[in-house]
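Below, each chain spelled out in residue letters.
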Amino acid sequence: VAEAERAFGTADPDLLVASLAADVVVVGADGARVHGRPAVLAAARAGFAGPWRGQHARYVLTRAALVGPDVAIAHTDAHATDADGATGCTVVRGVR
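Our subject in this report is the structure included herewith.

Criteria and thresholds
Residues numbered from 1 in each chain as written. Predicted model: local features only at pLDDT ≥ 70, side-chain atom pairs only at ≥ 80, totals over all residues. Heavy atoms only, no water. Patch = residues over 30% accessible without salt bridge, like charges linked within 9 Å, V, L, I, M, F, W, Y side chains within 5 Å. Areas by Shrake-Rupley, 256 points an atom, 1.4 Å probe, with all protein chains shown as cover. Salt bridge = Lys/Arg side-chain N within 4 Å of Asp/Glu carboxyl O. Helix = DSSP H or I, 4+ residues; strand = E, 2+ residues; numbered from the N terminus. Phe/Tyr/Trp six-rings, centres within 6.5 Å; stacked < 30°, edge-to-face > 60°. Buried < 20%, exposed > 50% of the residue type's maximum accessible area, 1.4 Å probe, protein only. Core = buried A, V, L, I, M, F, W, Y, C linked by side-chain atoms within 4.5 Å.

## A look at a nonpolar patch on the surface
Then, in step 1: A cluster of nonpolar side chains, Val-67, Val-71 and Ile-73, forms an exposed patch at the surface whose accessible area comes to about 240 Å².
Then, in step 2: Tracing the sequence through the fold places Val-71 in strand β4 (residues 71-81).

Structure representation (structure tokens):
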């Protein structure tokens, strides 16, 4: 979760996907599902170049479940912040 915050705050798509499984499924703010690390990386690059430009977020782990010895499902909420971390409104509810 801290890595995702750092990635979002520095507009670093590679860091954003670094810890994701190859077959990850990410659910965006609009409810769209993105399947696979390469697709998530492409979406992150597009987001940081466009609508996410200059944005910051704080992520909160709201639920996690271990489904295997090296597999977890994590649900996070993302909250818009300013560069200093002051919270605005919730912008994303998704599964990572």
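## Overview of the pattern of salt bridges
Then, in step 1: Under the definition given, this model contains one salt bridge.
Then, in step 2: Asp-14 is the partner of Arg-45 in a salt bridge, and the nearest nitrogen-oxygen pair spans 3.4 Å. Here Arg-45, found in helix α3 (residues 37-49), pairs with Asp-14, found in helix α2 (residues 13-17); they are 31 residues apart in sequence, far enough to count as distant.

## Describing the packing of aromatic side chains
Then, in step 1: Under the counting rule described, the total for this entry stands at four aromatic pairs.
Then, in step 2: With a centroid separation of 5.2 Å and an interplanar angle of 75 degrees, the aromatic rings of Phe-48 and Trp-52 are classed as edge-to-face.
Then, in step 3: Taking relative accessible area as the criterion, Phe-48 reaches 9% and is therefore assigned buried.
Then, in step 4: Ring-pair connections join several aromatic residues into one group, and the members of that group are Phe-8, Phe-48, Trp-52 and Tyr-59.

## Some remarks on the nonpolar core
Then, in step 1: Ala-4, Ala-7, Phe-8, Leu-16, Ala-44, Phe-48, Ala-57, Tyr-59 and Ala-78 together form the largest nonpolar core, which totals nine residues.
Then, in step 2: Among the secondary structure elements, those contributing two or more residues to this core are α1 (2-9), α3 and β3 (56-68).
Then, in step 3: The biggest single contributor to this core is α1, with three residues.
Then, in step 4: Membership of the second largest hydrophobic core comes to five residues, among which are Val-17, Leu-20, Val-24 and Leu-41.

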